[in-house]
Amino acid sequence: MTQSRILPLLPVLLVGLVACHSGNTMDTLVAHSDLTESILAIYERIFWWTVLLFIGVQGGLIYIIMRFRARGDETTLPEQVHGNSQLEITWTVLPVVILLHIAIPTVQFIFKSQAAPSPDALKVNAIGKQWWFAFEYPAEGVVTANELHVPLGRQVNLRLQSDNVIHSLWAPQIFAKRDMVPGRVNQITFKATKAGEYLGQCAEYCGDSHSLMQFRVYVDTPEDFAKWVANQNSNAVSEAVPAGSEIVKAKCGSCHTVKGVTEVASIGPNLTHVGSRTTIAAGILLNNTENLKKWISNPAGVKPGSKMIQVGLNPQELDSVVSYLQTLK
Ligand SMILES: [Cu+2]
């Protein structure tokens, strides 16, 4: 529905066309939550008023140019008129009506978007780090990174925080941009309306690797979400690669948590179920053997300024660490 109303706009939005292609899950002209659908509806309303005004103003201009142009050998000025109450009232009242037509739904939406979440909303703490996102589900006891799973059709209340600089969480099709400010908790509440995988990006400059600070939102069916939570809740302790497990405990545990193996540490992403994620390093690398090796052997080579240090590992140690991490499903 929304897409079919948007389609006729596309030829006009040439610039947008260059940047977007179908399947781009950061396309702001596609909405998949109650929140983004409301925003898009207001955007469309403003867009069509703008089109109408453009046609009106340009049409009037062309009419006046044709109607009042000098004809033949005319040399005298036409009759000079000062003031026209009818016209003046029209061009005052009409903009007021248009602005009200935009302002009323906008203000209504602002109040709606600030309303308290319903008691059964899923609560998630979203914490901006340099340069990744931690997602904590207090009631479910789940801690993960860069991949936010939410159930389809249930209200989600994100509590946005930061313990360093200001970040901004933005997944254009699922929720609006909102800042993560140190020392306060901002909230955003939404209900996703279509299952799928959506891209997000930090939208507030936050240092060297700001542009490499991405995340994904997975809108799961309620059954898939329950399965995901159950899996995340289990300890993924794996006996398969003991050498890897030892190294992670000794050399990575000061920054990373692997539940049941290391102490709790939150300088880096929780690795308890790192093997179940599709990407690593805040959405910029696919989670595969080659990329895990590339990342662990030289984090700053992948992300300038990375807060993960280069841990000296020989090739054999690297192999066993990577094999071990891959068993942590
Ligand atoms: Cu950031």
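Right, let's walk through the structure included here. Counting from 1, residues in each chain are numbered in the order their sequence is written. Predicted model: local features are reported for residues with pLDDT of at least 70 only, side-chain atom pairs are reported and counted for 80 or more only, and whole-chain, interface and lining totals are derived from all residues.

**Quick word on the sheet that holds strand E2 (residues 132-137)**
- In spatial order, the strands read E3-E2-E1-E5-E8; together these 5 strands make up an open sheet with mixed pairing. Only two strands of the sheet have a single partner each, and these edge strands are strand E3 (142-145) and strand E8 (186-191). Between one strand axis and the next, the sheet turns through 25 degrees on average, direction left out of account. For two strands to count as paired, DSSP must find a minimum of two bridges between them. Only runs of H or I of at least four residues qualify as helices and only runs of E of at least two qualify as strands under DSSP, and these elements are numbered from the N terminus. Angles shown run from 0 to 180 degrees and are taken between the N-to-C directions of axes, each axis being a line fitted to C-alpha atoms and, for helices, limited to the stretch in contact.

**Quick notes on the pairing of strand E4 (residues 147-151)**
- Exposed residues have 12 or fewer other C-beta atoms within 10 Å of their own C-beta, buried residues have 20 or more, and partly exposed residues fall in between, where C-beta atoms are placed from the backbone. Within E4, 5 of the 5 residues are buried, which leaves the element mostly enclosed by the surrounding structure.
- Residues Glu147, His149 and Pro151 of E4 are buried on one face, and the alternating residues Leu148 and Val150, pointing to the opposite face, are buried as well.
- Note: E4 against strand E10 (residues 214-220), 5 bridges, orientation parallel. Bridge assignment links His149 to a residue of E10, and that residue is Tyr218.

**Quick look at unusual backbone geometry**
- Going from Gln130 to Trp131, the amide bond is cis rather than trans, its omega being 0 degrees.
- Position of Trp131 among the secondary structure elements: in the loop between strand E1 (122-129) and E2.
- The backbone of Asn146 shows a phi angle near 65 degrees, a positive value even though the residue is not glycine.
- Structurally, the position occupied by Asn146 is in the loop between E3 and E4.
- Despite not being glycine, Ala281 has its phi angle at roughly 60 degrees, a positive value.
- Positionally, Ala281 belongs in the loop between strand E11 (279-280) and strand E12 (285-286).
- On the basis of neighbour counts, which here come to 25 C-beta atoms within 10 Å, the residue Ala281 falls in the buried class.

**Digging into the nonpolar core**
- If you look at the biggest cluster of nonpolar residues, it comprises 49 residues, and the most contacted ones within it are Ala126, Phe133, Ala282 and Leu325.
- Here this core takes 4 residues from helix H9 (residues 315-327), the largest share from any one element.
- Viewed by domain, this core spans two of them, domain 2 (122-231) and domain 3 (242-327), each represented by three or more residues.
- Among all residues touching Ala282, those that are not within four sequence positions of it are Trp131, Trp132, Phe133, Asn146, Leu212, Met213, Gln214 and Phe215. By convention the nonpolar core is taken to be a set of buried residues drawn from Ala, Val, Leu, Ile, Met, Phe, Trp, Tyr and Cys and joined through C-beta atoms within 7 Å. Throughout, the edges of the domains are those of an automatic or database domain assignment. We call two residues in contact if the C-beta atoms placed from their backbones are at most 7 Å apart.

**Observations concerning helix H6 (residues 242-252)**
- Residues of H6 that are buried: Gly244, Ser245, Val248 and Cys252. The arc that holds every buried residue of H6, seen down its axis, measures 100 degrees, which confines them to one face. Seen from the buried face of H6, the exposed residues on the opposite side, beyond 90 degrees, are Pro242 and Ala250.
- Contacts from the buried residues of H6 go to H9. Working definition: the arc comes from the directions between the helix axis and the C-beta atoms, pointing outward to the latter.

**Thoughts on helix H3 (residues 34-67)**
- A helix is expected to span 1.5 Å multiplied by its residue count minus one. For H3, built from 34 residues, the straight-helix expectation of 50 Å at 1.5 Å per residue is met to within 8% by its first-to-last C-alpha distance of 49 Å.
- The buried fraction of H3 amounts to 2 of the 34 residues, a small share that puts the element mostly on the outside.

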